[in-house]
Amino acid sequence: VDDVLRLEAEPSSSVFSSYVHNTVQPGIGRIGSVVVLGSSKVLDDVKRERLQEFGKHVAMHIAAMSPKYVSENEISAETRREHTVERTLFLRESGREKKEAETEALRDTLQWVEDSTLLEQQFIMEDQGHDKVKNAVDALTNELGSVIRVKEFCRFAI
């Protein structure tokens, strides 16, 4: 194994939640994810269980949607610029005029940021009534009376 993954959580105010897709045996499947959710307060057992349940839904979403980042703040200006330049070159090679290619590339980069960022993605658990993951996190913050945030995640596939 070349890469080692280390996720950390404060035991009293964070939870790890996981999901394994296409389970062939308990804990064994082809796609999985782990997410660390943090709370600004120490939670009682009932609220902690609710946070754990929500985390499972977020982990399912991560397995299905393959985000690359938690929030758009994690995407550097350089990465955005590179994406825009690559997109502009592709569009120019496809025959678009320079101004049109630049405008479309900027629009594509904004969409790429949204598609690559967990909190900006459309939440697949739509029965929860939230359009984006960040709105579901905000609703849980209100429900639990504690600021909830996604600290980090990992998605893996074999």
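So, how was this worked out
Residues numbered from 1 in each chain as written. Predicted model: local features only at pLDDT ≥ 70, side-chain atom pairs only at ≥ 80, totals over all residues. Heavy atoms only, no water. Helix = DSSP H or I, 4+ residues; strand = E, 2+ residues; numbered from the N terminus. Buried < 20%, exposed > 50% of the residue type's maximum accessible area, 1.4 Å probe, protein only. Contact = heavy atoms within 4.5 Å. Salt bridge = Lys/Arg side-chain N within 4 Å of Asp/Glu carboxyl O.

### Structural notes on the overall build of the protein chain
- A count of helices and strands for the protein chain gives 4 helices and 3 strands.
- Traced from its N-terminal end to its C-terminal end, the protein chain shows the element sequence β-β-α-α-α-α-β.
- Evaluated residue by residue, the protein chain yields a buried proportion of 38% over its 158 residues.
- Residue pairs at least 24 apart in sequence account for 64% of intrachain contacts in the protein chain once pairs closer than 6 positions are excluded.

### Some points on the pattern of salt bridges
- All chains considered together, the criterion is met by 9 salt bridges.
- Ionic pairing is found between glutamate 100 and arginine 96, a salt bridge with its closest N-O pair at 3.5 Å.
- Taking the relative accessible area as the measure of exposure, arginine 96 reaches 28% and is therefore partly exposed.
- For the salt bridge of glutamate 120 with lysine 134, the shortest nitrogen-to-oxygen distance reads 3.1 Å. A residue pair is termed long-range when its members are at least 10 positions apart, and glutamate 120 in the loop between helix 3 (98-116) and helix 4 (133-144) and lysine 134 in helix 4 qualify at 14 residues.
- For glutamate 120, a relative accessible area of 13% gives the class buried.
- Overlapping salt bridges, with partners in common, bring together Glu114, Glu120, Lys132 and Lys134 in one network.

### Points about the side chain of threonine 141
- Among the structural elements, threonine 141 can be located in helix 4.
- Of the residues examined, threonine 141 reaches a relative accessible area of 18% and is grouped as buried.

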